[in-house]
Amino acid sequence: MEKKNLKIISLISLILIVVTSLPYLYAWLSQPTNTFYLGNGLFNPHDNHVYYAYIEQAKAGHWLFYDVFTPEQHKPFLHIFWLIVGWLAKLFTLSPIWAFHLSRILLIPLFVFTIFKFLRRVWHNDPKQNLKTTLALILFFFSTSLGGWIALFGKVKIFYTTEAWWPEAYAFTSIYATPHFIASWILIVASLYFYLDGIQNKNYKKIILGGILGAILTQFHTFYLALLIPLTLVFALVEVKKNQRIVLWQTLVYYSFFLPVIAYYFWMTITDMVMAKRLTENLMLTPGLFYVFSAFSLLFLCAIIGLVLFFQNQEKNIFKKLLIIWLIIVPFLLYSGLPFERRLVEGWQLPVVVLAIETLWIFYQKISFKKSFLILIIVLLASSSLFVFMLETFIPQQKTERRMYYLSTDVRQALLWLKQTDPDFSKIVLAAPLTGINATFLANKTIFLGHGLETLSANQKKEDWLNFINNNTDEEKKIDFLKKWKIDYLFWGPYEQMTKPQFKPAEKPYLHPIYQNAKVTIYQVITN
């Protein structure tokens, strides 16, 4: 690799690491007295605790994970990505929070390098390959939509803009949000890169490598089978029409590596009720068309022009051909009716940016103020995402419990004590959702309630919890409830008492206090 290209990759990686880490650093430095920063940011903080729990299980030596957010009995399952992160945490004696963010940072340079390699093949014979690749890298990694500008100059609140609730749609927000989004991006692009490279050079080893990378991706993000298979199938059929029938057989070789993943999850869903129910309850539906197309705003409009140019020029580069197909089919996938359809937007930014660059390049050639034009485009498209994260740095001080940025140190100390006293993760804790979601990794325990999706029938369980604490009578019902769900511990702290419940655990003979600090009491449940 040329030294100039290495410098570009290193510089973009460094900027991404610094910019996406600043909000977390600010939140950590700004934590209020007697609180502990949970490592969460703007996006889905409750999901981070699921990943922390996986890491904690891997550190404890488990190769297969349990859903510790629901008390129902179920089979353990494999999750390759968080298993590897858990091994990293165990090797370097890291907490789940530190392992989460270290893996996020370590994956960023690999992400930049992967996109760089793919872009070089897109403009393989282009005399302006270096300039186009550099410009595409900048727009790809720093542009989102215009949500930041809308929030700044309009009346739209920041949480209504796509940057604030659809992180997987953009490379920048994926990098900020979570390492497994970064890993997904890398594996999607790398799998397609080796698939195309193998077809172009009639090299089955590279097609096999592409299939293996795709299998690794779909093992922990199974829904990307619904992206990779239609995308490559349409590509293969287009090539077959051009008397390239061998491409169909090469594609079948690529698909063969997905068969074990498909078989594994099919077996899990028909043999495990919890796995099957999670699939039906975990709906990720796509919002209206306006939100989808506004998600890429000006870049998408430029990409449409680039699409027209592609057909006019009869482009033969197979990397560009696949990107064209990718651009066209994703809107259909996003409204396919699949329960996870919204997630299929991940990766779509790549064809949008590449085709937008082709359009911007034409404008660049026809105007005299070339440098000013490039600067304007970069500032306009990239600064929106940066503005979102300027706003983000002020959010941790507001509604911290709703966003789950900070946890009371008394609660944390109690949970850590419980983990040290009883390390069995199968023991079930009954607590308020905010306590419970932290008990999964700080106490290494299974919880009755704590996550809207990972906890099966979460709304019903929340109602059961409120019924349990909102009166101090009905002893038989309470004991039956504790027996039914095999509750081992009741946690009674500030979050349990926020609603001023009538329940008085200290008065109950079936609850034995085993730990107490200034704000928390832990009771062992004795119903026999």
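Residues numbered from 1 in each chain as written. Predicted model: local features only at pLDDT ≥ 70, side-chain atom pairs only at ≥ 80, totals over all residues. Heavy atoms only, no water.

Asks: Run through the overall build of the chain, naming residues and quoting values.
Replies: Of regular secondary structure, the chain possesses 23 helices and seven strands. Residue burial in the chain is summarised as follows: out of 528 residues, 55% are buried. If you take every contact in the chain between residues at least 6 apart in sequence, the share linking residues at least 24 apart comes to 73%. When the accessible surface of the chain is totalled, it reaches about 23,500 Å², and 65% of it is carbon and sulfur. (Helix = DSSP H or I, 4+ residues; strand = E, 2+ residues; numbered from the N terminus. Buried < 20%, exposed > 50% of the residue type's maximum accessible area, 1.4 Å probe, protein only. Contact = heavy atoms within 4.5 Å. Areas by Shrake-Rupley, 256 points an atom, 1.4 Å probe, with all protein chains shown as cover.)

Asks: Please give an account of the nonpolar core that cites residues and values.
Replies: Note on soluble globular proteins: their nonpolar side chains tend to be buried together. In this structure, Phe-111, Phe-141, Trp-326, Trp-348 and Leu-350 are the most contacted members of the largest nonpolar core, which totals 155 residues. No other element matches the 13 residues that helix 8 (residues 179-201) contributes to this core. Formed by 10 residues, the second largest nonpolar core is a distinct cluster that contains Tyr-24, Tyr-37, Tyr-176 and Ala-177. (Core = buried A, V, L, I, M, F, W, Y, C linked by side-chain atoms within 4.5 Å.)

Asks: Break down the sheet that holds strand 6 (residues 511-516) for me, citing the residues and quoting the values.
Replies: The strands making up a sheet associate through hydrogen bonds between their backbones, and the pairing can be parallel or antiparallel. Spatially, the five strands line up as an open sheet ordered 4-3-5-7-6, and their pairing is mixed. In this open sheet, the two edge strands, each paired with only one partner strand, are strand 4 (446-447) and strand 6. One ladder, built from three bridges, connects strand 3 (residues 428-430) with strand 5 (residues 487-492); its direction is parallel. Bridge pairing links Val-429 to Tyr-489 in strand 5. (Pairing = 2+ DSSP bridges.)

Asks: Can you tell me about a nonpolar patch on the surface, naming the residues and giving the values?
Replies: Residues Tyr-204, Ile-208, Leu-209, Ile-212, Ile-216, Leu-233, Leu-237, Ile-246, Leu-248, Trp-249 and Leu-252 make up a contiguous nonpolar surface patch of roughly 890 Å² in combined accessible area. Of all the secondary structure elements, the ones that give two or more residues to the nonpolar patch are helix 9 (204-220), helix 10 (225-241) and helix 11 (246-256). Looking at the nonpolar patch, the element that brings in the most residues is helix 9, giving five residues. Examined against the element boundaries, Leu-252 turns out to sit in helix 11. (Patch = residues over 30% accessible without salt bridge, like charges linked within 9 Å, V, L, I, M, F, W, Y side chains within 5 Å. Salt bridge = Lys/Arg side-chain N within 4 Å of Asp/Glu carboxyl O.)

Asks: Summarise the environment of Phe-36; cite the residues concerned and give the values.
Replies: Mapped onto the elements, Phe-36 comes out in strand 1 (residues 35-37). A C-alpha to C-alpha distance of 5.3 Å links Phe-36 and Tyr-406, two positions 370 residues apart in sequence. Ignoring any residue separated from it by four or fewer positions in sequence, one finds Phe-36 in contact with Gln-31, Ile-97, Tyr-405, Tyr-406, Leu-407, Thr-409 and Arg-412.

Asks: Any chance you could break down unusual backbone geometry for me, citing the residues and the numbers?
Replies: Even without being a glycine, Asn-444 presents a positive backbone phi close to 55 degrees. Along the polypeptide, Asn-444 turns up in the loop between helix 21 (433-442) and strand 4. Although it is not a glycine, Asp-474 adopts a positive phi angle of roughly 50 degrees. Counting through the fold element by element, Asp-474 comes out in the loop between helix 22 (458-469) and helix 23 (475-484). Note on Asp-474: relative accessible area 39%, which makes it partly exposed.

Asks: Which residues make up the confidence of the model for the chain, and what values do they have?
Replies: Low pLDDT means the predicted atomic positions in that stretch should not be read closely. Within the chain, residue pLDDT values average 87, and 89% of them lie at 70 or more. Overall, residues 394-400 carries pLDDT values under 50, and its contacts beyond four positions in sequence, including any with other chains, amount to 13 contacts. (pLDDT = per-residue confidence, 0-100.)

Asks: Outline helix 2 (residues 45-59), supporting the account with residue identities and numerical values.
Replies: Look at helix 2: 21 Å from first C-alpha to last across 15 residues, which is about the 21 Å you get at 1.5 Å a residue. Most of helix 2 is tucked away: 13 of the 15 residues are buried. Two residues or fewer after helix 2 comes Gly-61, characterised by a positive phi angle close to 105 degrees. (Expected span 1.5 Å × (residues − 1).)

Asks: Lay out the packing of aromatic side chains in plain terms, naming residues and giving numbers.
Replies: Counted by the stated rule, this structure contains 38 aromatic pairs. On the numbers, 4.9 Å between centres and 75 degrees between planes, the contact of Phe-223 with Tyr-224 is edge-to-face. Residue class for Phe-223 comes out buried when judged on its relative accessible area of 13%. Here the aromatic residues Tyr-51, Tyr-52, Phe-81, Trp-82, Phe-100, Phe-220 and Phe-441 are joined through ring pairs into a cluster of three or more. Here Arg-412 stacks its cationic end above the ring of Phe-36, 3.9 Å away from the centre of that ring. Above the ring of Phe-468, the side-chain terminus of Lys-478 is found at 5.4 Å from the ring centroid. (Phe/Tyr/Trp six-rings, centres within 6.5 Å; stacked < 30°, edge-to-face > 60°. Lys NZ or Arg CZ within 6 Å of the ring centre and 35° of its normal.)

Asks: Outline the packing of helix 4 (residues 96-122) against helix 5 (residues 129-142), supporting the account with residue identities and numerical values.
Replies: One can describe the packing of helix 4 onto helix 5 by two numbers: an axis separation of 10 Å at closest approach and a directional angle of 140 degrees. Regarding the angle of helix 4 to helix 5, the classification is oblique. The two elements helix 4 and helix 5 meet at a crossing, and its hand is right-handed. Every residue of helix 5 that contacts helix 4 at Phe-111, Val-112, Ile-115, Phe-116, Leu-119 and Arg-120 is listed here: Gln-129, Asn-130, Thr-133, Ala-136, Leu-137, Phe-140 and Phe-141. In terms of residue class, the contact of helix 4 with helix 5 is built from nine nonpolar, three polar and one charged. (Axes fitted to C-alpha atoms, helices over the stretch in contact; angles between N-to-C directions. Parallel < 35°, antiparallel > 145°, perpendicular 65-115°, else oblique. Left-handed = near helix turned anticlockwise from the far one by under 90°. Nonpolar A, V, L, I, M, F, W, Y, C, P; charged D, E, K, R; others polar.)

Asks: Go over the pattern of salt bridges with me, naming the residues and quoting the values.
Replies: Counted according to the given criterion, the structure contains 11 salt bridges. Salt-bridge contacts for Glu-72 lead to Lys-461; the nearest nitrogen and oxygen are separated by 2.7 Å. Linking Glu-72 in the loop between helix 2 and helix 3 (80-91) with Lys-461 in helix 22, this pair joins segments that are 389 residues apart in sequence. Judged by relative accessible area, which is 16%, Glu-72 ranks as buried. The class of Lys-461 is buried, set by a relative accessible area of 3%. Its salt-bridge partner being Lys-132, residue Asp-126 comes within 2.7 Å of it at the nearest N-O pair.

Asks: Give me the pairing of strand 7 (residues 521-525): which residues, what numbers.
Replies: As a general feature of sheets, a regular strand has side chains that alternate between the two faces. Most of strand 7 is tucked away: four of the five residues are buried. Examined bridge by bridge, strand 5 and strand 7 share four bridges and lie antiparallel to one another. By the bridge assignment for strand 7, Trp-492 is matched with Thr-521. Examined bridge by bridge, strand 6 and strand 7 share five bridges and lie antiparallel to one another.

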